[in-house]
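A structural walkthrough
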Amino acid sequence: AQSVTQLGSHVSVSEGALVLLRCNYSSSVPPYLFWYVQYPNQGLQLLLKYTSAATLVKGINGFEAEFKKSETSFHLTKPSAHMSDAAEYFCAVSGPRQGAQKLVFGQGTRLTINP
Amino acid sequence: ETGVTQSPTHLIKTRGQQVTLRCSSQSGHNTVSWYQQALGQGPQFIFQYYREEENGRGNFPPRFSGLQFPNYSSELNVNALELDDSALYLCASSLPSAHEQYFGPGTRLTVT
């Protein structure tokens, strides 16, 4: 079975500081990995995806993530936080490759930006 | 290009009642998945529909059922509502060959 663990349910950074949101996955097959963002009272928006091509993936709004197989990690980073980045972030893994492509989500990390 | 839409936005039901939630997939997407997101939790997979048939199901009881129509829109039906069914219900659409899914804004269901 596939699973995702997000380390830290709440992360708080100052505006302009580095954002680092941690995600570790478990998968018996090569995974497809995703980061989604959810603003209050809204659905989920895809930030970026890893699909076995380049290990460093760039997404929208200046976010990027690096797939590290040896560490089973897919951490999300942004060099300089902006107030508009305040939201809930979810890491997800997809699989299996055959059959329903269901997403398995982590518990989420709430990102707060301090002025 | 039209994104995923869901209706209604909010819904209040009484325990024991039945509810139907609706979803229109993104243009060109023929696969629809439904997720339940309880407060403070990540979304949980309910089931997926492809070509009008159920194509996988999560750990949800049979009182959760669905339909997909020829235009790829979908319905989620929940019978005999329980208080724990209170959640945000998310619909997502995708292409069958792609792993990424695109989500609608969700329907907030409150069961009293």
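Residues numbered from 1 in each chain as written. Chains lettered and ligands numbered in written order. Predicted model: local features only at pLDDT ≥ 70, side-chain atom pairs only at ≥ 80, totals over all residues. Heavy atoms only, no water.

1. Side note on the side chain of Lys78 of chain A
All names here are of chain A. Topologically, Lys78 is positioned in strand β8 (residues 73-78). A distance of 3.0 Å separates a polar atom in the side chain of Lys78 from the backbone oxygen of Asn61. With near-sequence residues (within four places) excluded, Lys78 lies in contact with Ala17, Leu18, Val19, Asn61, Gly62, Phe63 and Asp85. (Helix = DSSP H or I, 4+ residues; strand = E, 2+ residues; numbered from the N terminus. Polar contact = N/O pair within 3.5 Å; in protein donor to acceptor, adjacent residues only side chain to side chain. Contact = heavy atoms within 4.5 Å.)

2. As for the sheet that holds strand β7 (residues 64-68) of chain A
Note on sheets: strands pair through backbone hydrogen bonds, and any given pair is parallel or antiparallel. All names here are of chain A. One open sheet accounts for five strands, arranged β1-β3-β8-β7-β6; its pairing is antiparallel. Two strands lie at the open edges of the sheet, namely β1 (3-7) and β6 (56-58), each paired on one side alone. Averaged over all pairs of adjacent strands, the angle between strand axes in this sheet comes to 20 degrees, irrespective of strand direction. Relative to β8, strand β3 (residues 19-26) is paired through four bridges, and the arrangement is antiparallel. Bridging from a neighbouring strand, Val19 pairs with Lys78 of β8. (Pairing = 2+ DSSP bridges. Axes fitted to C-alpha atoms, helices over the stretch in contact; angles between N-to-C directions.)

3. Structural notes on the pattern of salt bridges
The tally for this structure, following the rule as stated, stands at eight salt bridges over all chains. Between Lys78 of chain A and Asp85 of chain A there is a salt bridge, with the nearest N and O atoms lying 2.9 Å from each other. One exposure class covers both Lys78 of chain A and Asp85 of chain A, and it is buried. One salt-bridge network, in which partners are shared between bridges, spans Arg63, Glu82 and Asp85 of chain B. (Salt bridge = Lys/Arg side-chain N within 4 Å of Asp/Glu carboxyl O. Buried < 20%, exposed > 50% of the residue type's maximum accessible area, 1.4 Å probe, protein only.)

Shape is all these values report; function is a separate question.
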